[in-house]
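Secondary and tertiary structure notes
Each chain, letter by letter, is given below.
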Amino acid sequence: MDFLNITDWSLLALNSPGWGGALLWGAVKTVQIALGGYIIGQIIGVCGAMGKVYGPPWLKELLAIYTTLIRAVPELILILILFYAGTAALNTLAAKIGMGPIDVNGALAGVLVISTVQGAYSTEVIRAAIQSIPSGCHEAAAAYGMSKWTTFKRVTLPLLVPRALPGMSNLWVIATKETALLSVVGFSELALVAKQAAGSTKYYMTFFLAACAIYLTITLISRVFFNQVEARFSRGMVKHK
Amino acid sequence: MADRKVAVQLTGLRKRFGDLEVLKGVSLTAHSGDVIAIIGGSGSGKSTLLRCINFLETPTAGEVRLHGELVAMKPDGEGGFRAADPAQLNRLRARLGMVFQSFNLWPHRTVLENVIEAPVHVLGQNRDAAIANAERLLDRVGLLAKRDVYPEMLSGGQKQRAAIARALAVDPHAMLFDEPTSALDPELVGEVLSVIADLAREGRTMILVTHEMQFARNVASEIIFLRNGLIEEQGKPSDVFDNPKSEALRAFLAPKY
Ligand SMILES: Nc1ncnc2c1ncn2[C@@H]1O[C@H](COP(=O)(O)OP(=O)(O)OP(=O)(O)O)[C@@H](O)[C@H]1O
Ligand SMILES: [Mg+2]
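Residues numbered from 1 in each chain as written. Chains lettered and ligands numbered in written order. Predicted model: local features only at pLDDT ≥ 70, side-chain atom pairs only at ≥ 80, totals over all residues. Heavy atoms only, no water.

Before going further, it helps to spend a moment on the confidence of the model for chain A. For chain A, the average pLDDT comes to 87, and 95% of its residues sit at 70 or higher. The spread of mean pLDDT over the elements of chain A runs between helix α3 (residues 75–96) of chain A, the lowest at 83, and helix α5 (residues 135–143) of chain A, the highest at 96. (pLDDT = per-residue confidence, 0-100. Helix = DSSP H or I, 4+ residues; strand = E, 2+ residues; numbered from the N terminus.)

What follows concerns the packing of helix α1 (residues 20–54) of chain A against helix α4 (residues 106–131) of chain A. All names here are of chain A. For the pair α1 and α4, the least separation of the axes is 5 Å and the interaxial angle reads 40°. Overall, the two elements α1 and α4 adopt an arrangement that is oblique. Classified by chirality, the crossing of α4 by α1 is right-handed. Its residues placed into classes, the contact of α1 with α4 shows 14 nonpolar, 13 polar and three charged. (Axes fitted to C-alpha atoms, helices over the stretch in contact; angles between N-to-C directions. Parallel < 35°, antiparallel > 145°, perpendicular 65-115°, else oblique. Left-handed = near helix turned anticlockwise from the far one by under 90°. Nonpolar A, V, L, I, M, F, W, Y, C, P; charged D, E, K, R; others polar.)

Moving on, we come to helix α7 (residues 190–201) of chain A. Residues and elements named next belong to chain A. The end-to-end C-alpha distance of α7, which contains twelve residues, comes to 16 Å, matching closely the 16 Å that a straight helix rising 1.5 Å per residue would cover. Among all positions in α7, only L190, L192, V193, A194, A197, A198 and T201 are buried. Looking at the buried positions of α7, the neighbouring elements they touch are α1 and α8 (204–233). By the N-cap criterion, in which a side-chain oxygen at the helix start approaches the backbone nitrogen of a residue two or three places on, α7 is capped by E189, the distance to A191 being 2.8 Å. (Expected span 1.5 Å × (residues − 1). Buried < 20%, exposed > 50% of the residue type's maximum accessible area, 1.4 Å probe, protein only. Contact = heavy atoms within 4.5 Å. Polar contact = N/O pair within 3.5 Å; in protein donor to acceptor, adjacent residues only side chain to side chain.)

This part covers the interface of chain A and chain B. Across the contact, 19 residues belong to chain A and 28 residues belong to chain B. Here chain A meets chain B over a buried area of about 2100 Å², counting both sides, of which 57% is carbon and sulfur. Per-residue buried area on chain A facing chain B is highest for Y144, R154 and R235 of chain A; these three make up 38% of the total on that side. Our count for the contact surface shared by chain A and chain B stands at two salt bridges. (Buried area = accessible area lost by both parts, 1.4 Å probe. Salt bridge = Lys/Arg side-chain N within 4 Å of Asp/Glu carboxyl O.)

Okay, the packing of helix α3 (residues 111–121) of chain B against helix α5 (residues 156–168) of chain B next. All names here are of chain B. Running from amino to carboxyl end, α3 crosses α5 at an angle of 25°, the nearest separation of the two axes being 8 Å. By the angle class used here, α3 and α5 are roughly parallel. Considering only the axes of α3 and α5, their crossing is right-handed. In contact with V111, N114 and V115 of α3, α5 contributes A162, A165 and R166.

What follows covers the packing of aromatic side chains. The geometry of an aromatic ring pair is captured by two quantities: the separation of the ring centres and the angle between the planes. If you walk through the whole model with that rule in mind, you get six aromatic pairs over all chains. Ring centres of F225 of chain A and F226 of chain A lie 5.4 Å apart, and the angle between their planes is 80°; this geometry places the pair in the edge-to-face category. Taking the relative accessible area as the measure of exposure, F226 of chain A reaches 11% and is therefore buried. Lying across the ring of F233 of chain A, R232 of chain A places its NZ or CZ 5.3 Å from the centre. Across the ring face of W106 of chain B, the terminal group of R166 of chain B is positioned such that the distance to the ring centre comes to 4.5 Å. (Phe/Tyr/Trp six-rings, centres within 6.5 Å; stacked < 30°, edge-to-face > 60°. Lys NZ or Arg CZ within 6 Å of the ring centre and 35° of its normal.)

Residue and element names in this part refer to chain B. Spatially, the four strands line up as an open sheet ordered β2-β1-β4-β5, and their pairing is antiparallel. Either end of the sheet is taken by a strand with one partner, and the two such strands are β2 (20–31) and β5 (69–70). Lying on the sheet, helix α1 (residues 46–53) is in contact with β1 (6–17), β2 and β4 (61–66); it crosses β1 at an angle near 125°. (Pairing = 2+ DSSP bridges.)

All names here are of chain A. A surface patch of nonpolar side chains, about 490 Å² in accessible area, is lined by L76, I77, L80, I81, Y84 and V184. Within the element layout of this structure, Y84 appears in helix α3. You can call Y84 partly exposed: its relative accessible area is 47%. (Patch = residues over 30% accessible without salt bridge, like charges linked within 9 Å, V, L, I, M, F, W, Y side chains within 5 Å. Areas by Shrake-Rupley, 256 points an atom, 1.4 Å probe, with all protein chains shown as cover.)

All names here are of chain B. Under the domain assignment used here, chain B contains domain 1 (1–95 + 173–257) and domain 2 (100–171). The partner domain 2 presents 18 residues to the 21 residues of domain 1 that form the contact. Carbon and sulfur atoms supply 62% of the area that domain 1 and domain 2 bury against each other, a total of about 1600 Å² over both sides. Between R140 and D198 there is a salt bridge, with its nearest N and O atoms 3.6 Å apart. Here domain 1 and domain 2 share six residue pairs in polar contact (both at pLDDT 80 or more) between them. Secondary-structure elements contributing two or more residues to the side of domain 1 that touches domain 2 are β9 (174–178) and α6 (186–201). Ranked by residue count, the leading element in the side of domain 1 that touches domain 2 is α6, at seven residues. Tallied by class, the residues present in the side of domain 1 that touches domain 2 amount to twelve nonpolar, two polar and seven charged. (Domains from an automatic or database assignment.)

Given below as structure tokens:
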């Protein structure tokens, strides 16, 4: 096991001078930002999908522009636009009303960008899920006199969830990794901490592999969670293994 | 027989899809206990007519009365009509048991749950009473053993029998069947037709679209031959089948091979 000697394991110790604690703190930040962006993104997704399927024509157009545009532009550029252009705009505004420069919070910008991006993808995931519900299910609901709300609660929603969950769990995994892009605006999440640790110790492999291991752990834990949710909500669906 | 209640009454019913006028003024009355079989060629408007009864399609003109009550309509702003009062429509719909060609069971609910869904969540019945009633109905269509199974696990004939139990569970003023056996393998047709024939014998009010002529002749009290969106011929099965008046009906009934 020679390759184990290429590193000094004490570098990963939790306390200084070890970087373990800093890495874990970065991981916590990563999960926080991802979770915030993901949850807001899914809320945008539910509303966006409803608008796309049931909304008036102008709303459908507007949402089509949103999903197309956001999905076309690289997220890195969105982050840069939102962070720098956002900061500049805020400061111009602040100067106009006679205030000093404002420090735009990297975490806030991160959550905003991730939720905007997630919202666009989630709108499509949920729209596709709604539209894949066999029309006969809604026809039967109408024929038996269900009101709109009862139909949504008793038919649309329970059929929608199992169809949307695989796509939504995928979006969560993407959200955790999108947070790494925030390192470009100096937000100290897992990737940036790993880079700093690597830079100052020169043990590049050690820290990047440690970061990979942490991302992998987050993904694996999430998978167990989503598998359970999917099993819980897939009543009556035939399992295609 | 004049004092029998009117379950379904259509007056001057028209339906157009864009430029295509599918129904061009159809009137018919189903008194309680009637079994009306609608026959006709493909595209003649049979399904559309049936779906106009419970407003799965909204008629373009004409009147629909269900259980004596006129379904209120109002202009939809695009030259057509829609139901004016959703609550009234849903109340009237809830007492029409519809059976679809492709079953349309709710896949996320077991057979029993499918049957009690409308009684509990639309009619507001007590759940235990609804279950007891559903078990009785499932027993009647021979599906009690499948009560806790999801529709996906049933054969076509079983699905359709479950759908019939679902329709019976709302204690319908009238049952609407749209080609209930057309999606079934030939060997499964019999089990479904025998359940429907049983219900007809028991005096259920039914309007059914079917291509099974022998079956229509045996169970129907009245045959309606639809052609190009109009009723071309109408009458007792023996009259319609044995003495077709129009050339079109004769051609329709003639053996195709
Ligand atoms: N939603 C719709 N939009 C446009 N056209 C429709 C629609 N539904 C039915 N049609 C047309 O109306 C005509 C009558 O259709 P309908 O389904 O009522 O016929 P049918 O007599 O039930 O035929 P089949 O025996 O094949 O089931 C057809 O020409 C069909 O293409
Ligand atoms: Mg049809």
